[in-house]
Amino acid sequence: MLKEERLWPEEFNYTVLIGGCGRVGYLKKALKLYNDMKKRGLTPTIATYTALFNACAETPWKDSGLQSALKLRQELIQKGIELNPIAYRALLKCCALCSDLRMCLDILKEMVGNGHQITTDTFNILLMGCINDKENGFRYALQVWQQMAKLNLKPDLYTYNLMLTAAKYCGIGDSEVASKLLLRPSGERPTHLRLNSGREQGPKGQRKKRTNVPALMLPDVEALEKNMFPGDDSKPERPDRNQDGAKDSAKSESSDHSDLSDCDTDGSLVISDQGQLVPESTAENSSSEPALPLPNLLDFQSPAPHVVSLGTVATPSDRLALMGNMEGFLQKMKDHKVAGNLRTFTLLAENVELNSPSESSLLAVMEESNVKPDVAFFNTLIRKKSKKADLEAAKSLLPLMLQNGLSPDLYTFCNLAIACRRRKEGMQLLSDMKQSGIKPNVQIYGALINAAVRRLNYTYLTEILKDMSRNQVAPNEFIVNMLEFAAQYPPNYDKYQKKDHYLEKIDGFRAFYFRWLKWMPGEEAPHPWTKYRYKNLAQSKDGTKLGQDQGSEELK
């Protein structure tokens, strides 16, 4: 454009390029284009700033993205540029994905103060910010949901999927605080509503009075913030019992509700003889009276009077139970005339209790909803059973995949590898993959090595390392750390004084492992921007090469 056609770029050209960089999180390049745009004397538009905020939100380095967004926001304030609702949502998305929920609420205050309408999309972005808080995110999500109900905003499919995501990854925080905020009668809940300022956006960015338009009711964000972040004086001084694991934690989560029975709070939820969660006061009479159902916290109505407080809500299935379990959740979607998609049922598969009736009926419910399962859905079920070391139950899902016209992929075998605790099982899995024409990757070997290290099965470990060498699969940092742990002698261990059954073959493994390290190359973690390098070499008119070298220099 510049050298051949001799065309001077316009603002639109830069905005399109910055938008493309923003969608894939290429923040460095987006900022470089923005600075180059200003050097050429071009004036950025609101669309340009929206694309930049989106780049800040999508970048892999969230701290850098948040700092760049704040710097850009300060520049806009100094220039007196006011954002439109789309740009505000991009800034809100940046704060949400960069784990700053309080700043999300500050941006929301600014939107309300400027008279912008709050929509379902706005609350969806707030839910994204809630999910980044792994300790209290589920309680925050329920509070945001309740605020949507007060505004009579209809949740969409994305809202429901975000609620399931919060149930999967986030805890409810302190159960006493959660009970106080989520279970109080609707009459005691403040409405947190106020009228709009009565202004609307003019065609040229100016404010004008509304005429013949009813004032919209918007949330009092300050009151919402006070409820989401209560003061330290309102929280009991005791350790939090409701820590939830990370997304990809190797530790298996318990899917039963046995830990609810030892809650010492009067009226806490326990398990009845019929296997349902009921208040403790009615648990003794559960054999003669029907079990009382749990309240659905997605309903904007007063909770049942028999529910006094929440017990320990530690697993995804516990949190799904607070939303009516699978049946109540799907009924809520039906009430709002929202049809679930494949993502919805995959999240339900991750949240439902293992080996429960809901899990057994999941495929039938999908068929009624005209949703066809895919390989990722079955991989989710296989992974849940594999984490419980139930290899046979995990393999029993393979015929169901074939009945639905699906074939196992690399992730299927990776999930099966989690349950291969014995040498015979792991070697059989590698043999089955070879017959299927699928080459094991580093994740599959990592799962097998993790299972072998937990049992200190050095014969199993040696066989796995030999197979890695034959397939030329380079170990990553995670695998090397596990092998280093397995190769170390325990503290104060003396093999001449005390015989240890688990450490009988550690010397042979150590000798093989140290030799194995010398000829096996290590896997280097790819840079997030490696995919943006030029793949094809080209010759410019002056004979210089453009391509890989130029892309490498750009990465620097």
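Every value quoted in this text rests on a predicted model; they were computed, and no experiment measured them.

Caption draft 1: A look at the confidence of the model for the chain. In the predicted model, the chain carries a mean pLDDT of 78, and the fraction of residues at 70 or more is 74%. In the predicted structure, residues 187–219 sits below a pLDDT of 50 and forms 75 contacts with residues beyond four places in sequence or in another chain. Across residues 232–290 the pLDDT falls below 50, and counting only partners more than four positions away or on other chains, this stretch makes 111 contacts in the model.

Caption draft 2: How the structure looks around the packing of aromatic side chains. Tallied over the entire structure, the rule returns ten aromatic pairs. On the numbers, 5.4 Å between centres and 90 degrees between planes, the contact of Tyr160 with Phe329 is edge-to-face. Placement of the pair is Tyr160 in helix α9 (residues 157–169) and Phe329 in helix α14 (residues 325–335), with a sequence separation of 169 residues. Assigned by exposure class, Tyr160 and Phe329 land together as buried.

Caption draft 3: Highlighting the nonpolar core. Counting 140 residues, the largest nonpolar core has Met323 and Ile449 as its most contacted members. For this core, the domains that each give at least three residues are domain 1 (1–117) and domain 2 (128–185 + 220–229 + 310–372). Apart from the residues within four sequence positions on either side, Met323 is in contact with Phe138, Leu142, Met163, Leu164, Ala167, Asn296, Leu298, Gly328 and Phe329.

Caption draft 4: Up close: the UniProt feature "repeat: PPR" (unreviewed entry) in the chain. On the UniProt side, "repeat: PPR" (unreviewed entry) is annotated at positions that read residues 10–44 and 374–408 here. Spanning residues 10–44, this segment combines 74% helix with 0% strand, and its end C-alpha atoms are found 10 Å apart.

Caption draft 5: Representation of a nonpolar patch on the surface within the structure. A surface patch of nonpolar side chains, about 280 Å² in accessible area, is lined by Met1, Leu2 and Leu7. Looking at the element boundaries, Leu7 is found in the segment before α1 (11–23). What makes Leu7 partly exposed here is its relative accessible area of 48%.

So, how was this worked out
- Residues numbered from 1 in each chain as written.
- Predicted model: local features only at pLDDT ≥ 70, side-chain atom pairs only at ≥ 80, totals over all residues.
- Heavy atoms only, no water.
- pLDDT = per-residue confidence, 0-100.
- Contact = heavy atoms within 4.5 Å.
- Phe/Tyr/Trp six-rings, centres within 6.5 Å; stacked < 30°, edge-to-face > 60°.
- Helix = DSSP H or I, 4+ residues; strand = E, 2+ residues; numbered from the N terminus.
- Buried < 20%, exposed > 50% of the residue type's maximum accessible area, 1.4 Å probe, protein only.
- Core = buried A, V, L, I, M, F, W, Y, C linked by side-chain atoms within 4.5 Å.
- Domains from an automatic or database assignment.
- UniProt positions renumbered as here; feature names shortened; annotations may be inferred.
- Patch = residues over 30% accessible without salt bridge, like charges linked within 9 Å, V, L, I, M, F, W, Y side chains within 5 Å.
- Areas by Shrake-Rupley, 256 points an atom, 1.4 Å probe, with all protein chains shown as cover.
- Salt bridge = Lys/Arg side-chain N within 4 Å of Asp/Glu carboxyl O.

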